[in-house]
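A structural walkthrough
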Amino acid sequence: TARYAVVNVDDSILLNIESSGFSAISRSMRRNRHLTVDMSHLKGSYRSVAVSDCLRQFSSQLSLDSRDKISCAKDSIRIHLSERMHFPFVPSLHNVELDFGDHYALDGLPRFNPDTVWLYGDSLSLSKIKTLEVEPVLLANLDTTSVYDLKLKPVWEQFRDVYPSHKSVRLTIPVASYAEKSFTLPIHFQGGDSTLLVRLYPDTVALTVWVREDKFASLRSDHFKATASYTEGAQSLPVTISSFPEYVRIKSAVPSEIQYVIIK
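Residues numbered from 1 in each chain as written. Predicted model: local features only at pLDDT ≥ 70, side-chain atom pairs only at ≥ 80, totals over all residues. Heavy atoms only, no water.

**Remarks on the sheet that holds strand β9 (residues 111–113)**
To be explicit about the condition: DSSP bridges decide pairing: two strands pair if at least two such bridges lie between them. The numbering of helices and of strands both runs from the N terminus, where a helix is a DSSP run of H or I of at least 4 residues and a strand a run of E of at least 2. Every axis corresponds to a line fitted to the C-alpha atoms, with the helix fit spanning only the stretch in contact, and the corresponding angles, defined between N-to-C directions, vary from 0 to 180 degrees.
With respect to topology, 3 strands assemble into an open sheet ordered β9-β14-β12, the strand pairing being antiparallel. Looking at the sheet topology across the chains shown, the edges are occupied by β9 and β12 (146–151). Between one strand axis and the next, the sheet turns by 30° as a mean value, whatever way the strands run. Where β9 and strand β14 (residues 168–173) come together, 3 bridges link them in antiparallel fashion. Bridge pairing in β14 places N113 opposite R170.

**A few points about the layout of surface pockets**
The test is simple: Points on a 1 Å grid, built from protein atoms alone, make a cavity when a 1.4 Å probe fits but cannot get out and make a pocket when they are open with protein on both sides within 12 Å along at least 5 of 7 lines; residues with an atom within 4 Å of a point are the lining residues. Grid points are joined across faces, edges and corners, and a volume is the space filled by probe spheres set on the points. Here the nonpolar group is Ala, Val, Leu, Ile, Met, Phe, Trp, Tyr, Cys and Pro; Asp, Glu, Lys and Arg are the charged ones; every other residue, Gly included, is treated as polar.
Taken as a whole, the largest pocket encloses approximately 610 Å³ of empty space. I13, L15, R33, H34 and L35 are, among the 24 residues lining the largest pocket, the residues nearest its centre. Of all elements in the fold, only α1 (21–28), α2 (55–61) and β5 (76–83) reach the threshold of two or more residues within the lining of the largest pocket. The element that contributes the greatest number of residues to the lining of the largest pocket is β5, accounting for 3 residues. Tallied by class, the residues present in the lining of the largest pocket amount to 11 nonpolar, 7 polar and 6 charged. Taken as a whole, the second largest pocket encloses approximately 220 Å³ of empty space.

**Observations concerning the pairing of strand β16 (residues 197–201)**
Rules: Each residue gets one of three labels from its accessible area relative to the maximum for its type: buried under 20%, exposed over 50%, partly exposed in between, using a 1.4 Å probe on protein chains only.
Of the two faces of β16, only the one carrying V198 and L200 is buried; L197, R199 and Y201 on the other face are not. In this sheet, strand β21 (residues 257–263) lies alongside β16 in antiparallel orientation, the contact comprising 5 bridges. Bridge pairing in β21 places V198 opposite I262.

Everything listed is a geometric property; what it means functionally is a separate question.
Given below as structure tokens:
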């Protein structure tokens, strides 16, 4: 009923049951006369199942005795569906606050399951929904890779004709243990004119990083590159760590800006 609107459906069925009087009396006292027919494996707008294929399921759902006989004059159960308009939304992490334990940090990108949530409904209503976010949440003291069930903000409730494929998502937060390591790096000057002769003050940067513990021993200074890009007329140049391994987190780079002199 989220993806499809039901146009027409066989919503009742007359069954003939042959049983003992005691079974009939017991059955008549039960209030639940609902039967379930699974059509999820079928495709298309028009779906039907043969009643003869459902009789064993009906017998179980009605708790019939093995000696009871069940039959039906109807040959099939049908449903006619109409697929709604649908737009995909990637859930936003905007409202998720992460707090890591000491010496722990994010190890890669968080992952949603499902990574796409579909909203079904009228195209005009769907066009008014711009983002799909999770409810605000604080995930504190993270020290291991964990999975969390997060509710989505029910923006679809603002519209009578919009339905979600999922009302919640599972978020995997990859976490690893990190250690601190420091390097002194030369600063590479980058300018549009390769003929410029430039002196940088200072010409090195003190870099402090967090590195995954399993990569600590193998991490070297040549895995990083520090650059200062020239902009004509600038009083100072910002220092950028332009290249570093993905398993590293930059903690600080000192200084963040340097002075320069162009020698003509």
